[in-house]
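Architecture at a glance
Below are the chains, spelled out letter by letter.
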Amino acid sequence: MNAETWEKVDEYFANALVPTDRDLEAARAANAAAGLPAIDVSPLQGRLLYLLAKLQGARRILEMGTLGGYSTLCLAQAQPADGRIVTLEAEPRHAAVARANFERAGVADRIEVIIGPALESLPRLHAAHAAPFDLVFIDADKPNTADYFTWAVKLGRPGTLIIVDNVVRRGGLADARSEDESVQGMRRFIDRLAHEPAVEATGVQTVGRKGYDGFVLARVR
Ligand code: SAH
Ligand code: DHB
Ligand code: MG
């Protein structure tokens, strides 16, 4: 089994199951044209986010790590008309591309992009009593993931779904001696998760066009 096979199956699933969407395709093209790193969720992964948000009936969504807003758009498409998304992005340049994508898709009025390091924005959101979020997607800088998770629990409510991207890192997750800062960040996150009695969780390994990686899914009790 190799990366080429994973990509073929990814494409096969995507062609069969993911409807062509003008707004998502335009966003992907705009992100590439702006020179953003091509690290957004894949179309199939975006479809997973969409389905999870629908299953969750998520009206209020919080995202850490906007990039060009591809994942944000997938989540927005799952929301009811009165849905709201707050998405946190450190890079003003990324946020500007995302905003243009949201405007083109006609969902800019329901999405608030907050520019700045997420660890500065999160306490502000908490102090401002932003109503509890129904779903949180954590996908920003990996070394801070444990702290993002703690904020997600704090900003959630019983039943909130927390999804964390890029946890497995080509299997690096299982290497305690890894010198990769992102791997060590994810190991600290898993340790935090394991000792957090307020949630129940599982890990899902994935392969596909983004290689070998995985998600953590957690639910606040
Ligand atoms: N969720 C996006 C991909 C996000 S990539 C998608 O799937 O479409 C990760 C993003 O996190 C990048 O845009 C990066 O600029 C941003 N980021 C990095 N450090 C951050 C921080 N401290 N606070 C907020 N965002 C950060
Ligand atoms: C990276 C970040 C991501 O969010 C992702 O899905 C893949 C890669 C990265 O920083 O390399
Ligand atoms: Mg990611």
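Residues numbered from 1 in each chain as written. Chains lettered and ligands numbered in written order. Predicted model: local features only at pLDDT ≥ 70, side-chain atom pairs only at ≥ 80, totals over all residues. Heavy atoms only, no water.

1. Side note on the site of ligand 1
This is how the line gets drawn: Proximity criterion: a residue is near a molecule or strand once any of its heavy atoms comes within 4 Å of it. Between N or O atoms, a polar contact is any pair within 3.5 Å; within protein, one atom must be a potential hydrogen donor and the other a potential acceptor, and residues adjacent in sequence are included only when both atoms are from side chains. Surface exposure here means Shrake-Rupley accessible area, sampled with a 1.4 Å probe, where a residue is shielded only by the protein chains that are shown. Of the grid points, spaced at 1 Å and generated over the protein atoms alone, those admitting a 1.4 Å probe that cannot get out make up cavities, while open sets with protein on both sides within 12 Å along at least five of seven lines make up pockets; any residue with an atom within 4 Å of a point is treated as lining. For a cavity or pocket, the test is whether more than half of a molecule's atoms lie within 2 Å of its grid points; if they do, the molecule sits there. Helix and strand assignments come from DSSP, with helices taken as H or I runs of at least 4 residues and strands as E runs of at least 2, each series counted from the N terminus. Only Asp, Glu, Lys and Arg are considered charged in this grouping, and only Ala, Val, Leu, Ile, Met, Phe, Trp, Tyr, Cys and Pro are considered nonpolar; every other residue, Gly among them, is considered polar.
For ligand 1, the set of nearby residues contains 22 residues, the closest of which are Gly65, Ser71, Glu89, His94 and Asp139. Between ligand 1 and Glu89, the relevant distance is 2.6 Å, taken from an oxygen atom to a side-chain nitrogen or oxygen of the residue. Between ligand 1 and Asp141, the relevant distance is 3.2 Å, taken from a nitrogen atom to a side-chain nitrogen or oxygen of the residue. Protein burial of ligand 1: of its 590 Å² of free accessible surface, 89% is covered by the chains. Put simply, ligand 1 lies in the largest pocket. Where the shell around ligand 1 is concerned, the elements lending two or more residues are α4 (70-76) and β2 (84-89). Split by residue class, the shell around ligand 1 holds 11 nonpolar, five polar and six charged.

2. A few points about the coordination of the magnesium ion (ligand 3)
The cut-off we apply is this: Counted as donors are the N, O and S atoms within 2.8 Å of the metal, or 3.2 Å for Na, K and Ca, while water is not among the atoms, so some sites may look incomplete. The rule is simple: take the accessible area with a 1.4 Å probe, protein chains only, and divide by the maximum for that residue type; under 20% is buried, over 50% is exposed, in between is partly exposed.
For the magnesium ion (ligand 3), the full set of protein donor atoms is Asp139 (OD), Asp165 (OD) and Asn166 (OD1), and the range of their distances to it is 2.1 Å. We note that the donor set of the magnesium ion (ligand 3) lies within a single chain, spaced as D-x25-D-N. Asn166 matches Asp165 in its accessibility class, with the two residues each being buried.

3. Notes on the pairing of strand β5 (residues 161-164)
Note the threshold: Two strands are counted as paired when DSSP detects at least two bridges linking them.
Of the two faces of β5, the one carrying Leu161 and Ile163 and the one carrying Ile162 and Val164 are both buried. Of the pairings in the sheet, the one linking strand β4 (residues 135-138) to β5 comprises four bridges and is parallel in character. Each residue of the ladder has a partner; that of Phe137, found in β5, is Ile163. Pairing of β5 with strand β7 (residues 211-220) involves four bridges; the strand directions are antiparallel. Residue pairing across strands places Leu161 opposite Arg219, the latter belonging to β7.

4. With respect to the site of ligand 2
Around ligand 2, the neighbouring residues are Ile39, Asp139, Lys142, Asp165, Asn166 and Lys210. One nitrogen or oxygen atom from the side chain of Lys142 is found 3.1 Å from an oxygen atom belonging to ligand 2. Within the contact set of ligand 2, an oxygen atom lies 2.7 Å away from a side-chain nitrogen or oxygen of Asn166. Notes on ligand 2: free accessible area 290 Å², of which the protein chains cover 67%. In a pocket analysis with a 2 Å cut-off to the grid points, ligand 2 is assigned to the largest pocket. Of the residues assigned to the shell around ligand 2, the class counts are one nonpolar, one polar and four charged.

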